[in-house]
Amino acid sequence: MYAITIPEPGGPEALVWAEVPDPVPGDGEVLVEVAAGAVNRADLLQRQGLYNPPPGATAIPGLECAGRIVALGAGVSGWSVGDEVCALLSGGGYAEKVAVPAGQLLPVPENTDLVTAAALPEVTATVWSNVFMIAHLRPGETFLVHGGSSGIGTMAIQLAKAIGARVAVTAGSKEKLDYCAELGADILINYREQDFVEEIKRATDGAGADVILDNMGAKYLDRNVQTLATNGRLAIIGMQGGIQGELNIAMLLNKRGAITATSLRARPLSEKAAIVAAVREHIWPLIDSGRVRPIVDRKLPMSDAAQAHRVLEESGHIGKVLLTVE
Ligand SMILES: NC(=O)c1ccc[n+]([C@@H]2O[C@H](COP(=O)([O-])OP(=O)(O)OC[C@H]3O[C@@H](n4cnc5c(N)ncnc54)[C@H](OP(=O)(O)O)[C@@H]3O)[C@@H](O)[C@H]2O)c1
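The protein chain appears in an unreviewed UniProt entry as NAD(P)H-quinone oxidoreductase from Streptomyces sp. NBC_00119.

Considering the site of the ligand
Neighbouring the ligand are 27 residues, the closest being R41, K176, Y191, Y220 and Q240. Residue L264 places a main-chain N or O atom 2.7 Å away from an oxygen atom belonging to the ligand. In isolation the ligand has 910 Å² of accessible area, and contact with the protein removes 90% of it. Of all the secondary-structure elements, those providing two or more residues to the shell around the ligand are α2 (121-134), α3 (151-162) and β9 (166-171). A per-class count over the shell around the ligand returns eight nonpolar, 15 polar and four charged. The two domains that each donate at least three residues to the shell around the ligand are domain 1 (2-120 + 269-324) and domain 2 (124-261).

Here's the deal with the domain arrangement of the protein chain
The domain architecture assigned to the protein chain consists of domain 1 (2-120 + 269-324) and domain 2 (124-261). Centre-to-centre, using C-alpha coordinates, domain 1 lies 26 Å away from domain 2. Each side of the interface is counted separately: domain 1 has 20 residues, and domain 2 has 19 residues. With both sides pooled, the region where domain 1 packs onto domain 2 buries about 1,700 Å², and carbon together with sulfur makes up 69% of that total. The tally of links from domain 1 across to domain 2 stands at zero salt bridges.

Side note on the environment of L247
In this structure, L247 sits in the loop between β12 (228-236) and α7 (249-254). The spatial distance from the C-alpha of L247 to the C-alpha of L221 is 6.8 Å, given a sequence separation of 26 residues. For L247, the residues in contact, after removing those within four places along its chain, are L221, V225, L252 and I259.

So, unusual backbone geometry
Unusually for a residue other than glycine, D205 sits at a positive phi of about 50 degrees. Turning to its location among the elements, D205 is positioned in the loop between α5 (196-203) and β11 (209-214). For D205, a relative accessible area of 77% puts it in the exposed group. The backbone phi angle of S315 is positive, close to 55 degrees, even though this residue is not glycine.

Thoughts on the pattern of salt bridges
The tally for this structure, following the rule as stated, stands at 12 salt bridges. Close ionic contact of R138 with E141 constitutes a salt bridge, the shortest N to O distance being 3.4 Å. For R138, a relative accessible area of 46% gives the class partly exposed. When its relative accessible area of 10% is taken as the criterion, E141 is described as buried. One salt bridge connects D186 with K161, and the closest N-O pair in it is separated by 3.0 Å. Taken together, the positions of D186 in the loop between α4 (174-182) and β10 (187-190) and K161 in helix α3 put the pair 25 residues apart, joining distant regions of the chain. For K161, a relative accessible area of 26% gives the class partly exposed.

Comments concerning the nonpolar core
Judged by nonpolar contacts, the single largest core of 52 residues is most densely connected at V127, F143 and L213. Among the domains, domain 1 (2-120 + 269-324) and domain 2 (124-261) are the pair contributing at least three residues each to this core. Apart from residues no more than four positions distant in its own chain, F143 is found in contact with V131, L137, A156, A160, R166, V167, A168, V211 and L213. In this structure, M1, L89, M302 and L312 belong to the second largest nonpolar core, which totals 32 residues.

Looking at the packing of aromatic side chains
For the coordinates displayed, the defined rule picks out three aromatic pairs. Centre to centre, the rings of W128 and F132 are 4.5 Å apart; their planes meet at 20 degrees, and the pair counts as stacked. In this pair, W128 and F132 both sit in helix α2, four residues apart, roughly one turn of the helix. With respect to burial, W128 and F132 carry one shared label: buried.

Criteria and cut-off values
Residues numbered from 1 in each chain as written. Predicted model: local features only at pLDDT ≥ 70, side-chain atom pairs only at ≥ 80, totals over all residues. Heavy atoms only, no water. Near = heavy atom within 4 Å. Polar contact = N/O pair within 3.5 Å; in protein donor to acceptor, adjacent residues only side chain to side chain. Areas by Shrake-Rupley, 256 points an atom, 1.4 Å probe, with all protein chains shown as cover. Helix = DSSP H or I, 4+ residues; strand = E, 2+ residues; numbered from the N terminus. Nonpolar A, V, L, I, M, F, W, Y, C, P; charged D, E, K, R; others polar. Domains from an automatic or database assignment. Contact = heavy atoms within 4.5 Å. Buried area = accessible area lost by both parts, 1.4 Å probe. Salt bridge = Lys/Arg side-chain N within 4 Å of Asp/Glu carboxyl O. Buried < 20%, exposed > 50% of the residue type's maximum accessible area, 1.4 Å probe, protein only. Core = buried A, V, L, I, M, F, W, Y, C linked by side-chain atoms within 4.5 Å. Phe/Tyr/Trp six-rings, centres within 6.5 Å; stacked < 30°, edge-to-face > 60°.

Okay, here's the thing in structure tokens:
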């Protein structure tokens, strides 16, 4: 088969479409013929040699895909050859075929085409596990998501609105904020022109945000804690603003606040399977009914994954960038 390889870490040109051996599904795995993969910010780091795949995972990048099952490994039940699926991966999604643990498969939602389904696994699993399983966002609470127009952000806005939360977003342009508003966001903050701490205080009569989903890490740590409401929960999922920050413990303590930080990719198979099962139970009905939808910015040929990485690096997108296999 053909796949994107990274012979030497570097810029987007480091991504090389090359012939590689077909993967073989192990016990409990299925082989998926990929129709599309999707780009995640972590892929950019992996390409630069800054984010190694977890032990046992393929070196081929790609954390999600959609396609058809073409073979079953030993001990797989509930899935058949020919099923259309999308899947959460530890790697290998930038390829014509990928072996997937059966616990990480999801059916293609009813009103979603096969290629578009590739936009769903990472954002649904990341948002559900952090915002709902860990931070327990509840109806009526105020939820702040940084980078509201990102792949993660566009799903987080829709899910938080679907459960009846009040949603605040940060984004870097009016066009992106307008898009977030179309998805249901109530409080729009341009992080280039406004201070989100002040804006959230103003919008909540000083109470603050009950849950924050953060992609920035160190750069926003102090301001996120300032923004938290009493009993607030800060869920960190990204380090776009650095890895080492300073924490005002007194402020966190006085607010009885909680900070969590997780990486989906590094979680054990059993935890990924539990998250995927929860996503299927709670989010799939919302997608089937059209209440929540995948947001796709553009589709590019997988062989030109380099161009897709440039788009993410320039932040020229809203939602997900997909990689299609011809
Ligand atoms: N821990 C996990 O398991 C996990 C899983 C998936 C994703 N993630 C993380 O989640 C984040 C989003 O991922 P993605 O794939 O959806 O990426 P993406 O679409 O490339 O989005 C990155 C976002 O960062 C925003 N941003 C940049 N500077 C900002 C700032 N100063 N303040 C607020 N927002 C800022 C950008 O907003 P503008 O375009 O408006 O500038 C853009 O929306 C990434 O950090 C990624 O690593 C973590």
